[in-house]
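Close look at the chain arrangement
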Amino acid sequence: MTPLVLAANLGLSFAALAALCLSLNRHHAEVFDRKAERAAVLRLRAFGWGAIALSFFIAGLWEGWAFGPVQWIGALTGAALGLVLLLSYRPRYVAPAALAALAASALPLAILAVAA
Amino acid sequence: MKGSFRQSMAWLHTWSGLIVGWVLFSIFVTGTASYYRPDISRWMRPEFTRVEPVEAPALGAAAERAVAYLGTHAAQARTWFIGLPQPDKPVLDLFWRTRPGAPPGHVLLDPRTGTESSVRDTQGGDFLYRFHFELHMPPLWGRWVVGICAMIMLVALISGIVTHKRIFADFFTFRRGKAPRRSWLDAHNVTGVLALPFHLMITYTGIITLATFYMPWGVTAAYKGNAQAFFTEASWITTPRPPAKQAAPLAPIGPMVEQARAARSEPLERLMIVNPGDANATVVAVFEEPHGLSHEHPQIAFDGVSGAILEVRDGGLKPAAKTFTVMTGLHEGHFAGTMLRLLFFLCGIMGCAMIATGVVLWSLARLPKAGERPFLGLRLVQALNVGSIAGLPAAVAVYFLANRLLPVDLAGREEWEIRAFFGAWIVAALVPLARPQRRAWCEGLAAVSVLCLAVVAADILTIPDHPLRRAGGDPLFAWFDGAMLLLAGLFALAARKVLRYEAPKKAHKNEHERDRAAKPAPVPAAAQPARRPEPTHA
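Residues numbered from 1 in each chain as written. Chains lettered and ligands numbered in written order. Predicted model: local features only at pLDDT ≥ 70, side-chain atom pairs only at ≥ 80, totals over all residues.

You'll find chain B entered in an unreviewed UniProt entry as Iron-regulated membrane protein, with Methylorubrum thiocyanatum given as the organism.

Chain A appears in an unreviewed UniProt entry as Iron uptake protein from Methylorubrum thiocyanatum.

Structure below.
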C-alpha cells in the first residue's frame, strides 16, 4: 500500500503547494505575468489548504495514524522541494505541472479505493 | 548583543550556527548516508553477493558453529555477541569482550562451515554510522561533542525561526542570479523552512536517543543508582544475572534458537551469551524490530545451562518508555520503505545544504570592501568552509575508493580505509588555506566530482559481478554507481558555477530598492551590505 499512498500524496501535495504558491502575488506574477485577482487568491488558498488536509486524511486512513503523519510530512517536504526548484528554473511549467500532479494522484487513489 | 528581541536572536543564530557549523555538517552528511547503511555495507563487502543466504531452519546449526568457535577462541570472555546471518550480511558476526579496557575481539564466520569468512576486512557503512554520533573519537568524548553540537543546533534552529520574519511570504522564494548574499540567503531559508519539521525532529530526537547518557541523574535518583533496573524496566535489556562463580557447561544452543524462532514471526537478529561456562550463564535471543514507528527489539532470555526460558520481553511498554522508543524509531527511520527512505534522505541532504549555506553566508556577509584586506578570521572560516563542504564528501569518496583499491589481504585493511578517509580530509582542509578563495572552491568541488567518478570506475573494474560486466549481476552495484554518478554531476555543476560566476549587473540593485520600498521588512537587501554594519541575517 505504501508506495501507492505516497505517490498519491506526493501529487496531491504538489498541487496543493503550487496553489498556495500561486496565491502569493510575487509568484503569481512570475508565472502568469500579472497580479492575482482577489477571488482567485481565495480559491487557490481554499484549494491548497483543502488538499493538504485531504492528503493528511488519506495518509492516516491507509497508513494508520502513526505512520500517516510521518508520511504526510515527508510527502509535503518532497513536493515542496520539487516545486521550489521548478519555480526557480522553469516558472512557466508550474501551473501545468500542478494540474498534471493532481491528475496523476487520482490514479493511485482510484486503485486504492477499488482495492479497499 | 543589543537592540530588539529579533536582533538578539539573529546574533544568537549567527554565532551558534558558526561555532558548530562544520561539525554539524559532518554529522548531517554521515547521518544522511546512514539511512543507507546496510546498502553501503553490502557494497563495501562485494564478496557477500556470491554467498547464498542462510535459510531460517539452518540458523540453529550455524549458531552451534559460532559457539564452538567462541569456546576455543574466547573462552575467557564475559560476553559473546553472535550476529546471525541476515539477507544483507550472510555470515556469523562474532564479537566478544574479555574485560573493560581490553580491545574487543571480532571475527566473521562462514555459517555453513564455521571457518573464518574470506570477506574483505572493512567497517563498511558502520564507520559512517558511528562517525555520525562519535566522530571517530573515544565513544564518551565523541558522544559529548555530538550532543553539545546537537543542543546548539536546536538553539540555532529556534533562533533562526524567530529571525526569519517572512516565513510564509518567502516560503517558496529562491531567487537565483541575484546578488550572492540574496541567493544564498534564499537557499538557506528554503532548505531550512521546507524541511523544518524534519530538522526539528531529527535534532531533538537525536539528543533524546542519548538523553540518559547526557543526563543520567534522573535515572540515578529514581532507581537509587541501579541503572540496570532502569534499562530492564525500559525493556532495553532482559534482567541481568550475576555470575554464580561455578563452572557449568553451556547447553546446546540449537534448540534455544529453534524455540526462539517458533515464538515470534520477526527474524532473529542476534544472540548474546552472558557469562558462558558459568552456572548462571544467560542466552538472550534478540529479534528484529516489529514493523512500527517504535524502535524496540523483542528479546527472549534463556538459562544457558538448562535451556529453559527465563524471560520474554516484547512490547507492553508504559507511555514514557514508549515515547522514548518512538522518538528513537523516528530518528533511525528503520520503518521507512524505499520511497519514504528516499524522502528522509532528501530531507537529510536539505539539512546538509542548510548548514553549508549558513556557514557560507557568514563569510559572504563579512567580505572586505574594495581595497580592504580580509581579516584572519574570515580567511580561516572561508578555508574551513571549503575544507568541510567539499572536503568531507571528498573524504567519503576516498573511503569508498580505498575499499576497492587496497589489496584485499592487506594487514589492518579496515584501519587503512579509515586512514585514507582522514588523510584525504586533512589534505582537503589544508589546501584551501594556501589557495585563493574562489580557486579553492572550484578545485575542491571538482575534486569531489572526479573522486566520485573514480569510485564508479574502480567499482566496474574490480567487481566481476557488476551488472555492466555480467548479465544478472547484483543490481546493488548499479544503484550505488548511479548515486555516485549523480553526486559527481552535481558537484561538477557546482564547480562550473563557481568558475563561471559573474557578479550581477548594477541593474539588479534598482530592483532590490523597489522591493524594499514596497515591503519595508528588515531583511538586509543583499545589494547594499555596506549600509548595514550588523546584518540581521547571516
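Okay, back to it.
**Structural notes on the overall build of chain B**
Let me state the cut-off plainly: Helix and strand definitions here come from DSSP, where helices need a minimum of 4 consecutive H or I residues and strands a minimum of 2 consecutive E residues; each element is numbered from the N-terminal end. For the radius of gyration, the atom set is restricted to C-alpha positions; the globular benchmark scales as 2.2 Å times the number of residues to the power 0.38. A residue is called partly exposed when the number of other C-beta atoms within 10 Å of its own lies between 12 and 20, exposed at 12 or fewer, and buried at 20 or more, with C-beta atoms placed from the backbone. For every residue pair, C-beta atoms are placed from the backbone, and the pair is scored as a contact if these atoms sit within 7 Å.
Secondary structure assignment for chain B yields 19 helices and seven strands. Computed over C-alpha atoms, the radius of gyration of chain B comes to 27 Å, within 12% of the 24 Å expected from 2.2 N^0.38 for 538 residues, which places it in the range of a compact globule. Taken along its principal axes, the extent of the C-alpha atoms in chain B is 85 × 60 × 40 Å. Looking at the 538 residues of chain B, the share that counts as buried comes to 38%. Here the analysis covers contacts within chain B between residues at least 6 apart in sequence; of these, 67% occur between residues at least 24 apart.

**Some points on the overall build of chain A**
From N to C terminus, chain A includes four helices and zero strands. Relative to a compact globule of 116 residues, whose C-alpha radius of gyration would be 13 Å, chain A shows 14 Å and is just as compact. With respect to the principal axes defined by its C-alpha atoms, chain A has extents near 45 × 25 × 25 Å. For chain A, the proportion of its 116 residues judged to be buried stands at 43%. For chain A, contacts bridging at least 24 residues in sequence account for 75% of all contacts bridging at least 6.

**Some remarks on the UniProt feature "transmembrane region" (unreviewed entry) in chain A**
Residue and element names in this part refer to chain A. Stated precisely, the cut-off is as follows: UniProt positions are given in the numbering used here, feature names are shortened, and annotations may be inferred rather than shown by experiment.
Within this numbering scheme, the UniProt entry marks residues 6-25, 46-65, 71-89 and 96-115 as carrying the feature "transmembrane region" (unreviewed entry). Counting secondary structure, residues 71-89 comes out at 100% helix and 0% strand; the distance between its end C-alpha atoms is 27 Å. Taken end to end, residues 96-115 is 100% helix and 0% strand, and its first and last C-alpha atoms sit 29 Å apart.

**What to know about the interface of chain A and chain B**
Quite often, the size of an interface is put as the accessible area lost when its parts meet. Definition in use: We call Asp, Glu, Lys and Arg charged. Ala, Val, Leu, Ile, Met, Phe, Trp, Tyr, Cys and Pro are nonpolar, and the rest, Gly among them, are polar.
Facing the 19 residues of chain A at the interface are 18 residues of chain B. At the level of secondary structure, the elements contributing two or more residues to the side of chain A that touches chain B comprise α1 (2-22) and α3 (38-89) of chain A. Classifying every residue of the side of chain A that touches chain B by side-chain character gives 12 nonpolar, seven polar and no charged.

**Some remarks on the UniProt feature "transmembrane region" (unreviewed entry) in chain B**
Residue and element names in this part refer to chain B. Here, UniProt's "transmembrane region" (unreviewed entry) annotation points to residues 12-36, 141-163, 184-214, 342-364, 376-401, 416-433, 445-464 and 476-495. The annotated region residues 12-36 carries 92% helix and 0% strand content, and the separation between its end C-alpha atoms amounts to 34 Å. As annotated, residues 445-464 comprises 90% helix and 0% strand, and the C-alpha atoms at either end are separated by 31 Å.

**Considering the sheet that holds strand β1 (residues 79-83) of chain B**
Residues and elements named next belong to chain B. Under the convention used in this document: Here, strands pair whenever DSSP counts at least two bridges between them. In this analysis, axes come from line fits to C-alpha atoms, helices being fitted only over the stretch in contact, and the angle between any two N-to-C directions falls in the range 0 to 180 degrees.
Strands sit in the order β3-β2-β1-β4-β5-β6-β7 across an open sheet of seven strands; the sheet is antiparallel. The strands lining the two open edges of the sheet, one partner per strand, are β3 (105-109) and β7 (309-313). Strand-to-strand, the axes of this sheet are offset by a mean angle of 15 degrees, without reference to chain direction. With five bridges connecting them, strand β5 (residues 282-287) and strand β6 (residues 299-303) associate as antiparallel partners. Each residue of the ladder has a partner; that of V284, found in β6, is A301.

**Details of the pairing of strand β4 (residues 268-274) of chain B**
Residues and elements named next belong to chain B. Inspection of the sheet shows β1 paired to β4 by five bridges, in the antiparallel sense. Counterpart to W80 in the pairing with β4 is I273. Pairing analysis gives six bridges linking β4 to β5, with the strands arranged antiparallel. Looking across to β5, one finds that V274 is bridged to T282.

**Comments concerning the pairing of β7(B)**
Note: β6(B) against β7(B), four bridges, orientation antiparallel. Paired with F302(B) across the two strands is I309(B), which belongs to β7(B).

**Some words on helix α15 (residues 391-405) of chain B**
Quick reminder of the rule: Expected span of a helix, by definition, is 1.5 Å for each gap between consecutive residues, and there is one gap fewer than residues.
Its 15 residues give α15(B) an end-to-end C-alpha distance of 20 Å, which sits within 8% of 21 Å, the value for a rise of 1.5 Å per residue. In terms of burial, α15(B) is largely enclosed, as 14 of its 15 residues are buried.

**Looking at the environment of A62(B)**
Residues and elements named next belong to chain B. Looking at where A62 falls in the secondary structure, it is placed in helix α3 (residues 59-73). Residue classification places A62 among the buried positions, given that 24 C-beta atoms sit within 10 Å. Among residues more than four places away in sequence, those in contact with A62 are V54, L84, P85, L92 and P111.

**A closer look at the domain arrangement of chain B**
Formally: An automatic or database domain assignment is the source of the domain bounds shown.
Entries for chain B in the domain assignment read domain 1 (1-45 + 122-234 + 319-365 + 512-538), domain 2 (53-120 + 235-316) and domain 3 (377-504). Inter-centroid distance (C-alpha atoms) of domain 2 of chain B to domain 3 of chain B is 38 Å.

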